[in-house]
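An overview of the molecular structure
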Amino acid sequence: MTTALRAILISVSGLVLAGCGADGEPEQPIAPQPTVSATIGVGSSGAYVGGGVGLSRGPLGIYLGF
């Protein structure tokens, strides 16, 4: 690899690294947030109970309903 090509690759790598925010202080990870819900209702066929539990972190979440 030539010296000029190596210099260009190092410069581009540095710009990409600075562009992704890796040049600042590290941030603490965000803990998953628990979610709990409960439902009690009465319909024409009788009473029912439902609910669910889940975890969410940022735009992602997992939810289990019953």
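Presented here is a report on the structure given in the accompanying data block. (Residues numbered from 1 in each chain as written. Predicted model: local features only at pLDDT ≥ 70, side-chain atom pairs only at ≥ 80, totals over all residues. Heavy atoms only, no water.)

1. Section: the overall build of the chain
For clarity, the cut-off: Secondary structure elements follow DSSP: runs of H or I no shorter than four residues count as helices, runs of E no shorter than two count as strands, and numbering proceeds from the N terminus. Exposed residues in this analysis have more than 50% of their type's maximum accessible area, buried residues have under 20%, and partly exposed residues fall in between, with area computed by a 1.4 Å probe over protein chains only. Note on contacts: a residue pair is in contact if any heavy atoms of the two residues lie within 4.5 Å. Computed with a 1.4 Å probe, the accessible areas rest on the Shrake-Rupley method; for each residue, only the protein chains presented here act as cover.
When its secondary structure is counted, the chain shows one helix and three strands. In the chain, the order of α-helices and β-strands from amino to carboxyl end is α-β-β-β. Among the 66 residues that make up the chain, the fraction classed as buried is 8%. Long-range pairs, those at least 24 residues apart, make up 10% of the contacts in the chain between residues at least 6 apart in sequence. Accessible area of the chain: about 5,900 Å², with a carbon and sulfur share of 67%.

2. Regarding the pairing of strand S1 (residues 33–43)
Side-chain direction in a regular strand flips from residue to residue, so the side chains alternate between the two faces of the sheet. What counts here: A pair of strands is labelled paired if DSSP reports no fewer than 2 bridges between them.
With 11 bridges joining them, S1 and strand S2 (residues 46–57) adopt antiparallel strand pairing. Bridging from a neighbouring strand, Pro34 pairs with Leu55 of S2. Hairpin remark: S1 followed by S2, antiparallel, with two residues in the connecting loop.

3. Details of the sheet that holds S2
Here is the rule: Helix axes are fitted to C-alpha atoms over the stretch in contact, other axes to C-alpha atoms as well, and angles between N-to-C directions run from 0 to 180 degrees.
One open sheet holds the three strands; their spatial order is S1-S2-S3, and the pairing between them is antiparallel. The two strands at the open ends of the sheet, each matched to only one other strand, are S1 and strand S3 (60–65). Averaged over all pairs of adjacent strands, the angle between their axes in this sheet comes to 20°, without regard to strand direction.

4. Some words on the pairing of S3
Counting buried positions along S3 yields zero of six residues, so the element is predominantly exposed. Alignment of S2 against S3, held across six bridges, turns out to be antiparallel. Looking across to S3, one finds that Gly52 is bridged to Gly65. Hairpin connection, S2 to S3: the antiparallel pair is bridged by two residues, and Gly58 has positive phi, about 65°.

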